[in-house]
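As a plain string of letters, each chain reads:
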Amino acid sequence: MRIELTSIFVDDQRAALDFYTDVLGFTKRHDIPLGDNFWLTVASPEVPDGPELLLEPSDHPAARAYRAALVEDGIPLVQFAVDDVESEHDRLTGRGVVFTQPPTDIGTAVVAVFDDTCGNLVQIVAVKPETVTAG
Amino acid sequence: MADVFRALDDETRRLVLDQLASRDGQTLFEICSILAARHDVSLTRQAISQHLGVLEEAGLIRTERRGRSKYHYFTPAPLAEIARRWPIGQRTEP
């Protein structure tokens, strides 16, 4: 068993596609019309055969309440690995991205959390190499 | 003032105040993750949320919504009340 696809709910699928590709730098994988919506996935260009992120429409009423409660408490729905949290923070801030948690050293890793503008918080993390083997 | 003393009579709540005093404006998620990572506090988010409620009732923190997230800020005014009641530096050794 392996994780090939995971999903998040987004307010507007086209706006989400723009944010996840143009701002974050992911690549569009699937864009298939499904009624009023789309089967829309992105993936990292750094991992060509890696898992895809499905940008699912958030029109279900439960999805809106669920995401609003998590965003209020600052809880990220998805986590992406980066090489350097500080430089990603600078790059994204320069493109207008709003962070709810600045780069923070939590001992084993550096983390930060930003608003994806589509209704979710995203955590970026760089695990410190020395702590991987030290356990 | 009684609820201020009750609020301070707990190590986790004192750690939360330390954390906000060192950098103000944190979400519940951030407070929980730093307490767990740096202070080995493995309480649930709900427990931390209750601690934050006690601190807010005592006037030691206030919350503010920015965008759709809620941030917590340290408000030391009640601590100044303590210093006014028991001033330091005005007593001379006998």
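Residues numbered from 1 in each chain as written. Chains lettered and ligands numbered in written order. Predicted model: local features only at pLDDT ≥ 70, side-chain atom pairs only at ≥ 80, totals over all residues. Heavy atoms only, no water.

Asks: Whenever I open this one, the nonpolar core confuses me. Can you help?
Replies: Proteins that are soluble and globular tend to have nonpolar side chains buried together. Counting 26 residues, the largest nonpolar core has A:Tyr20, A:Leu24, A:Leu53, A:Leu55, A:Phe80, A:Phe114 and A:Ile124 as the members making the most contacts within it. Counting residues per element, the ones that place at least two in this core are strand 1 (5-10), helix 1 (13-23), strand 3 (37-43), strand 4 (52-57), strand 5 (78-81), helix 3 (85-94), strand 7 (109-115) and strand 8 (121-127) of chain A. A total of five residues in this core trace back to one element, the largest contributor, which is helix 1 of chain A. Those residues within four positions of A:Phe80 in sequence are excluded, and the remaining contacts are A:Tyr20, A:Leu24, A:Phe26, A:Leu53, A:Val122, A:Gln123, A:Ile124 and A:Val125. Counting 19 residues, the second-largest nonpolar core is a separate cluster that includes B:Ala7, B:Ile31, B:Ile48 and B:Ala58. (Core = buried A, V, L, I, M, F, W, Y, C linked by side-chain atoms within 4.5 Å. Buried < 20%, exposed > 50% of the residue type's maximum accessible area, 1.4 Å probe, protein only. Helix = DSSP H or I, 4+ residues; strand = E, 2+ residues; numbered from the N terminus. Contact = heavy atoms within 4.5 Å.)

Asks: Just to check I follow, could you spell out the interface of chain B and chain A for this structure?
Replies: Each partner contributes residues to the interface: chain B has 15 residues there, and chain A has 19 residues. Between chain B and chain A, the buried area comes to about 1,400 Å², and carbon and sulfur atoms account for 50% of it. For the salt bridge of B:Arg65 with A:Glu72, the shortest nitrogen-to-oxygen distance reads 3.0 Å. In this assembly, chain B and chain A are joined by seven residue pairs in polar contact (both at pLDDT 80 or more). Of all the secondary-structure elements, those providing two or more residues to the side of chain B that touches chain A are helix 3 (28-39) and strand 2 (69-74) of chain B. The element best represented in the side of chain B that touches chain A is helix 3 of chain B, accounting for seven residues. In terms of residue class, the side of chain B that touches chain A is made up of five nonpolar, three polar and seven charged. (Buried area = accessible area lost by both parts, 1.4 Å probe. Salt bridge = Lys/Arg side-chain N within 4 Å of Asp/Glu carboxyl O. Polar contact = N/O pair within 3.5 Å; in protein donor to acceptor, adjacent residues only side chain to side chain. Nonpolar A, V, L, I, M, F, W, Y, C, P; charged D, E, K, R; others polar.)

Asks: Got a minute to help me understand the sheet that holds strand 4 of chain A in this structure?
Replies: By way of backbone hydrogen bonds, the strands of a sheet pair with one another, either parallel or antiparallel. Residue and element names in this part refer to chain A. Read from one edge to the other, the open sheet built from four strands follows the order 1-4-3-2, with strand pairing classed as mixed. At either end of the open sheet lies a strand with only one pairing partner, and these are strand 1 and strand 2 (27-34). Sheet twist, expressed as the mean angle between neighbouring strand axes with direction ignored, is 25°. The pairing of strand 1 with strand 4 spans six bridges and is classified as parallel. Looking across to strand 4, one finds that Thr6 is bridged to Leu53. (Pairing = 2+ DSSP bridges. Axes fitted to C-alpha atoms, helices over the stretch in contact; angles between N-to-C directions.)

Asks: Mind showing me how you'd approach the pattern of salt bridges here?
Replies: Note on pairing: side chains with opposite charge can pair once their charged atoms come close. Residue and element names in this part refer to chain A. Counted according to the given criterion, the structure contains 15 salt bridges over all chains. For Arg29, the salt bridge identified is with Glu52, shortest N-O distance 3.5 Å. In this pair, Arg29 sits in strand 2 while Glu52 sits in strand 4, placing the two residues 23 residues apart along the sequence. According to the relative accessible area criterion, Arg29 is partly exposed, its value standing at 30%. Within the structure, one salt-bridge network assembled from shared partners comprises Asp11, Arg64 and Arg67.

Asks: I keep staring at the packing of helix 2 (residues 11-22) of chain B against helix 3 of chain B and nothing clicks. Help me out?
Replies: In helix packing, the relevant descriptors are the interaxial angle and the interaxial distance, both defined with respect to the helix axes. All names here are of chain B. For the pair helix 2 and helix 3, the least separation of the axes is 11 Å and the interaxial angle reads 105°. Relative to helix 3, helix 2 is oriented roughly perpendicular. Counting all contacts with helix 2, which are made through Thr12, Leu15, Val16, Gln19 and Leu20, the residues of helix 3 involved are Glu30, Ile31, Ile34, Leu35 and His39. Among the residues making up the contact of helix 2 with helix 3, the classes are represented as six nonpolar, three polar and one charged. (Parallel < 35°, antiparallel > 145°, perpendicular 65-115°, else oblique.)

Asks: Can you walk me through the sheet that holds strand 5 of chain A in this structure?
Replies: Residue and element names in this part refer to chain A. Overall, mixed pairing links the four strands, which are arranged 5-8-7-6 in an open sheet. Every interior strand has two partners, whereas the edge strands, strand 5 and strand 6 (99-105), have only one. Averaged over all neighbouring strand pairs, the angle between strand axes comes to 20°, with direction disregarded. Bridging between strand 5 and strand 8 involves four bridges; their strand directions are parallel.

Asks: I would appreciate a short explanation of the packing of helix 2 of chain B against helix 4 (residues 45-57) of chain B in the present structure.
Replies: Residue and element names in this part refer to chain B. Axis separation between helix 2 and helix 4 bottoms out at 10 Å; the angle between their running directions is 75°. The angle between helix 2 and helix 4 places the two elements in the roughly perpendicular class. Along the contact surface, helix 2 presents Thr12, Arg13, Val16 and Leu17, while helix 4 presents Ile48, His51, Leu52, Val54 and Leu55. Tallied by class, the residues present in the contact of helix 2 with helix 4 amount to six nonpolar, two polar and one charged.

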